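Remarks on the overall topology
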Amino acid sequence: GCVTHLPETEPYEEKSPLYITASLVRMERSGAGLAPQAWTYAWSPAAGSLSTDPCALAKTCATTKWVDAVDPDGHRTRYVHSNVEGAKDGQLLRIERYQGQGTLLQAERFEYAAFDAGPWPSLLGSAMTPVAARSVVQTPRVARTIERQGVAFAERVEAFDAFGRAVRVRRWSSP
């Protein structure tokens, strides 16, 4: 959003495209009778943009962000989240599991319903700030697909209840 209502002030973006946050980079587990184990984490480069940036005008700005987790055996898992402002900001879109660092074993994809598309309330209260707007909407998962070794396993929610819970789910797989 662009703030333009202040007299004698140049318009400015309401929310910063970038911010500082603490990020986990290493986790270790050890104890009596347990060999030390360590997980490492890597984060995608910062990819915020302003509405006046060329990529915003051309609709080519980054729409995802990712976190890579490497387990003690050296296998990587990438978690990809939406980076688009709005109801789906931060939603998990994809999980990619690799053997080692580079051989993709499994890809899991997720789709979500629009916050105002179901029998559930479109708003769950009111946000005190625009930044908190994501916290007052519900976007239940509507589909999940797992692809492993050329086979796809899928599920789609066909009906929700008034609380956004799945009440009828269809599951299938490719041959």
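Residues numbered from 1 in each chain as written. Predicted model: local features only at pLDDT ≥ 70, side-chain atom pairs only at ≥ 80, totals over all residues. Heavy atoms only, no water.

**Regarding the sheet that holds strand β6 (residues 76-82)**
The condition that has to hold: Strands pair, by our definition, only if DSSP identifies at least two bridges between them. Going along the chain from the N terminus, every DSSP run of H or I of four or more residues is numbered as a helix, and every run of E of two or more is numbered as a strand. A fitted line through C-alpha atoms serves as each axis, taken over the contacting stretch for helices, and the angle formed by two N-to-C directions is quoted from 0 to 180°.
If you trace the nine strands from one edge of the open sheet to the other, you get β3-β4-β5-β6-β7-β8-β9-β10-β11, paired in antiparallel fashion. The open sheet has two free edges, formed respectively by β3 (26-31) and β11 (166-173), since each of these has just one partner strand. Strand-to-strand twist of the sheet, defined as the mean angle between neighbouring strand axes without regard to direction, takes the value 15 degrees.

**Observations regarding a nonpolar patch on the surface**
To keep things clear, this is the line we draw: Each patch groups residues whose relative accessible area exceeds 30% and which form no salt bridge, using 9 Å between like charges and 5 Å between nonpolar side chains of Val, Leu, Ile, Met, Phe, Trp and Tyr. Residue-level accessible areas treat just the shown protein chains as cover; the underlying method is Shrake-Rupley with a 1.4 Å probe. We count a salt bridge whenever a side-chain nitrogen from Lys or Arg sits within 4 Å of a carboxyl oxygen from Asp or Glu. Note on classification: 1.4 Å probe, protein chains only; a residue is buried when its accessible area is under 20% of the maximum for its type, exposed when over 50%, partly exposed between these limits.
Taken together, Leu24, Val25, Met27 and Trp43 make up a surface patch of nonpolar side chains, about 370 Å² in accessible area. Structurally, Trp43 is set in strand β4 (residues 34-43). Trp43 sits in the partly exposed class, given a relative accessible area of 41%.

**A closer look at the pairing of strand β8 (residues 103-112)**
In terms of strand pairing, strand β7 (residues 92-99) meets β8 through six bridges, oriented antiparallel. Note that in β8 the partner of Arg97 across the bridge is Gln106. Counting the residues in the hairpin turn of β7 and β8 gives three residues, including Gly100, whose phi is positive at 65 degrees. With seven bridges connecting them, β8 and strand β9 (residues 141-148) associate as antiparallel partners. In the strand pairing of β9, Phe110 is matched with Arg144.

**A look at the state of the cysteines**
Selection rule: Disulfides are defined as pairs of cysteine sulfur atoms found within 2.5 Å of each other.
Under the counting rule described, the total for this entry stands at one disulfide. Here Cys55 engages in a disulfide with Cys61; their sulfurs sit 2.0 Å apart. In this structure, the disulfide formed by Cys55 and Cys61 twists by about 85 degrees around the S-S bond and is classed as right-handed. We classify Cys61 as buried; its relative accessible area is 18%.

**A closer look at the packing of aromatic side chains**
Put simply, the test is: Two aromatic rings from Phe, Tyr or Trp, using only the six-membered ring of Trp, form a pair when their centres are within 6.5 Å; if the ring planes differ by under 30 degrees the pair is stacked, by over 60 it is edge-to-face, and anything between is tilted. Working rule: Lys NZ or Arg CZ, within 6 Å of ring centre, within 35 degrees of ring normal, means a charge sits over the ring.
Going through the model one piece at a time under the given rule, you end up with one aromatic pair. Of note, Arg76 hangs over the ring of Tyr98, and the distance from its end group to the ring centre comes to 4.0 Å. Directly above the ring of Trp66 sits Arg78, whose terminal nitrogen or CZ lies 3.9 Å from the centroid.

**Details of the pattern of salt bridges**
A complete count under the given rule lists 12 salt bridges for this structure. A salt bridge links Arg26 to Glu28; the shortest N-O distance between them is 2.6 Å. Residue classification places Glu28 among the exposed residues on the basis of a relative accessible area of 57%.

**Some points on the nonpolar core**
Short version of the rule: Buried Ala, Val, Leu, Ile, Met, Phe, Trp, Tyr and Cys residues that are joined via side-chain atoms within 4.5 Å together make up what is termed a nonpolar core.
Among the nonpolar cores identified, the biggest contains six residues, and these are Ala113, Trp120, Val142, Ala143, Val157 and Phe160. The set of elements that each furnish at least two residues to this core consists of β9 and β10 (151-160).

**Brief notes about the confidence of the model for the protein chain**
Here is the rule we go by: What pLDDT reports is the predictor's confidence in each residue, on a scale of 0 through 100.
Taken residue by residue, the protein chain gives an average pLDDT of 86. The fraction at 70 or more is 86%. Averaged over each element, pLDDT in the protein chain is lowest for strand β1 (residues 2-3) (58) and highest for β7 (97).

**So, the side chain of Thr139**
Rule in force here: Any pair of nitrogen or oxygen atoms within 3.5 Å is treated as a polar contact; in protein, a donor-acceptor pairing is required on top of that, and neighbouring residues in sequence qualify only through side-chain atoms on both sides.
Here Thr139 lies in the loop between β8 and β9. Separated by 2.3 Å, the side chains of Thr139 and Gln91 make a polar contact.

**Points about the pairing of β7**
Note that β6 and β7 share five bridges and pair antiparallel. Along β7, the bridge assignment pairs His81 with Leu92.

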